[in-house]
Amino acid sequence: MKFSRALNFTFIAALIATTLAPAAQATLFPGFPIDSETQALTIEDESAVPFSFIINNKVQSSLNSGTPESPEATRLCDTFNTHGCNLDPSASITVNSILPVCGEVQENCIEGLTFVKSDGSSTDATFDRYFKGKTFTTPAELAMPGGSRVSIWNANGVQNQGGTDQYAVHVHLIWSYNSGTVDVNGFSASVFAIKPALDTRYKDSGIVVGPAFNGIFGSITETGEFEYDGSCVAVEAGMCGKKVEFAPHTRVKLKLRISNKVTGWLHGRISHPEISVTPIDSKNNQLTVAADVVDVPMMYAQYKPAAMSSEFKRLSDSRRSGHGFYGKTFYWQYAPDVQFSFVAVTELAASVKDTAAEIHSYWNVASLDGNGSQKCLNDTSKLVGFVTTNAMAYAGRAPDWNDGTLEYKVAGLHYLPDGKTLTTGTYDLAMRSDAARCLYGFTSAPISATISIISPDGEQKVATTVLNEKNGWLYLAAYGFTFSSPTIKVKLTQEVPKVEPTPIPTPSPSQTVTPATSIKCFKGKTVKTVKSANPKCPKGYKVK
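Please read all numbers here as calculations on a predicted model, not as lab measurements.

Chemist: Describe the sheet that holds strand β19 (residues 284-292), and please don't skip the residues or the numbers.
Modeler: Pairing is antiparallel across the open sheet formed by 5 strands, whose spatial order is β7-β6-β16-β19-β18. The open sheet is flanked by β7 (122-124) and β18 (271-279), the only strands paired with a single partner. Here the strands of the sheet are splayed against their neighbours by 20° on average, with no regard to which way each runs.

Given below as C-alpha cells:
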C-alpha cells in the first residue's frame, strides 16, 4: 500500500459543506424564491456535516457530465463496498471520517477536552456518549480511521450561555483512496457549546439513497432537522444538539492523536493560541491546541442580482450552502474564507448600514493549503503555522510572502448589531520558529517584529500587537483594529550582533639592563672583588 499526502482542502470542503453578547445561534433569515428578482445571502461560518460518509469520485465526475446515479453506483455511501464505493484497485473515493474518543481506538482519536479559567486553573471534561447513528470501519491494512459520530462531553461547573455544561466535539479527517494510494486531504476540529432540544420530528442523520423529491434516483445527506437553519451541531432521532453560545472568556484545550500526514498550515476561529506537536510514533502525533473562544460577526443582506457587479456575479458560485425552502424562502450561506465574501462585504455594506446582523462564538481549527512556492512556508513534512482571525471575511490560505513581509487580508462591517459599537478585529499568527528563521535567514538569536494594519487607502490603523516565542513556536498577534478591509503586515527583524575586534596585545616596555662592573675591597691584607651593576664593599672593607 502506498501513502502520499495531499492538502488541497478546497474541493473537499465544497463537497461536504451544506462587547455585545452574541446572538442565539443560527437564525433562519428571510429568503426568496430562487427565480425572484430579489435574493438574499449570509456570510457566516459553515457547520460540517455531522456524520461520517464516503464520496465516490467517479460517480461525482459522471454526474457533472450528465450521467445519473443508480443503485449500483451512488455519489455518497455510508459504508465501504456498497453502492459502488468499493475498495478495489481502480477505486477513487474520498472519506470524511469523524474521529472517536481514544479508547478501543488509539490512533486518530480525541484524547481529552479541558476548559481553562482565567486564573490558570482547569476543568477536565468527561466523555458522555456519541450521537446515535450509523458508523463504519475501515480495513486495518489501510491504517486510516473509520467513521464515528460527534461526541458529547460534560464539563462540570463550566456553564455555557444555554445554561448547560454540555459540549460537543467534532473532529474529522478527510482522506482518499485512489488506485491503491492513500492520501490525507484535510483535517478539522470544532468544539461547540450545546443544549439538548427534544422533539419527535428530529430523525436520524446520515446518507439517504433512493428517489429524490423530483423522482430521480440519487444519494443525499440528511441532517435530521425539520427546520433547515443549521442550528443543530448533530441530530439523532428525537434530539438535536442545539448550538448555544459559549460563556464570555472561555478558553478551550483540545488534545488529539492524529496522523502525522496532517501537515502544512491550519486556520480557524480562535484567539491567543498555544500549540504543541509531539511525535507519538512513526505515523502519529499528539496535537494539542489551547485557545480562547472568539466572537465573530456575520452578515445578512438582500440584493438584486441584475444590479450587482460582474465580479460579484462571476464569484457567486463560490463555496456555499442553501437555507430555507428552495421554492419559497431560500437564501445562500457563503463561507467567510472565499473571495466572494470580500466582494459581497464591499458591495453590500451600504445596504445593511455597514452593520453586522448577529455575533456568534466559535472554537475551531482546520487545514489550509500551503503557501505556493515559498519553501519555508510550504513544508509538507510537518505542521508549519496557524493563522486565525475573527474577521467576517478572510483569506483562505496561509499569509502571503511579499517583499520581506507576511501579508494577510481581512474584511468586515464597521458596526456590531447595535449599529453604534465599532467592530474590533483579532489576528493571531503562530508559526514554527525554524520556519520564520528560514524566511529571513536568521540565527537562533531572539526575533523582533513590526505588525502594521493598513487600510485600503494606505492609512495605518491602531492596534495592540504581541510577540512571543515559546517551545519552538513564534506567536504574533494584533488586536483592536477596525474594518472595512485592512491588510495585516508582519515584518520580522533580528539585531545583527556587534563584532568586537580582537585586541592586539601591547608589548611590555623593554627594561634597560645596566652592565655589571667590579671593584676591589681591602681589609688589612685581605682583598675581595665585588662585581654587580652597583658594587659596594662589605662592612669593614674599603675601596682603594
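Chemist: Summarise unusual backbone geometry; cite the residues concerned and give the values.
Modeler: For residues besides glycine, phi is generally negative; the peptide bonds are generally trans as well. Despite not being glycine, H83 has its phi angle at roughly 50°, a positive value. Not every positive phi belongs to a glycine, and H249 is a case in point at roughly 65°. Checked against the element boundaries, H249 lands in the loop between β15 (239-244) and β16 (251-259). Here H249 falls in the exposed class, since its relative accessible area comes to 79%.

Chemist: Let's hear about the pattern of salt bridges: which residues, and what values?
Modeler: Considering all chains together, one arrives at 17 salt bridges under this definition. With a closest N to O distance of 3.2 Å, E46 and R319 form a salt bridge. Here R319 lies in the loop between α3 (310-315) and β21 (320-323) and E46 lies in the loop between β2 (39-43) and β3 (53-56), a separation of 273 residues in the sequence. By relative accessible area, E46 is classed as partly exposed at 26%. The salt bridge involving R437 is made with E469; its shortest N-O contact spans 2.8 Å. Of the two residues, R437 is situated in helix α5 (residues 433-440) and E469 in strand β32 (residues 464-470); the sequence distance between them amounts to 32 residues.

Chemist: Mind laying out the side chain of S452, listing which residues take part and the relevant values?
Modeler: Along the chain, S452 falls in strand β30 (residues 448-454). Contacts of S452, omitting those with residues within four sequence positions, involve Q460, T487, I488 and K489.

Chemist: Pulling in residues and values, what's your account of the sheet that holds β2?
Modeler: Pairing in this open sheet of 5 strands is mixed, and the strands run β21-β22-β2-β20-β23 from one edge to the other. Only two strands of the sheet have a single partner each, and these edge strands are β21 and β23 (358-362). Direction aside, the axes of adjacent strands within the sheet are offset by 25° on average. Examined bridge by bridge, β21 and strand β22 (residues 331-334) share 4 bridges and lie antiparallel to one another. Bridge assignment links G322 to a residue of β22, and that residue is W332. Against the sheet, helix α4 (residues 339-348) engages β2, β20 (294-303) and β22, with an angle of about 65° to β20.

Chemist: Talk me through the state of the cysteines; I want residue IDs and the actual numbers.
Modeler: Applying the stated criterion across every chain yields a total of 4 disulfides. Across the disulfide from C102 sits C109; the S-S distance is 2.0 Å. Disulfide C102-C109: torsion about the S-S bond near 90°, hence right-handed. The residue that forms a disulfide with C376 is C438, at a sulfur-sulfur distance of 2.0 Å. The disulfide joining C376 to C438 has a torsion of about -65° about its S-S bond and is therefore left-handed. Here C376, found in the loop between β24 (364-368) and β25 (383-389), pairs with C438, found in helix α5; they are 62 residues apart in sequence, far enough to count as distant. Its relative accessible area of 8% is what places C376 among the buried residues.

The rules behind these values
Residues numbered from 1 in each chain as written. Predicted model: local features only at pLDDT ≥ 70, side-chain atom pairs only at ≥ 80, totals over all residues. Heavy atoms only, no water. Pairing = 2+ DSSP bridges. Helix = DSSP H or I, 4+ residues; strand = E, 2+ residues; numbered from the N terminus. Axes fitted to C-alpha atoms, helices over the stretch in contact; angles between N-to-C directions. Buried < 20%, exposed > 50% of the residue type's maximum accessible area, 1.4 Å probe, protein only. Salt bridge = Lys/Arg side-chain N within 4 Å of Asp/Glu carboxyl O. Contact = heavy atoms within 4.5 Å. Disulfide = S-S within 2.5 Å.

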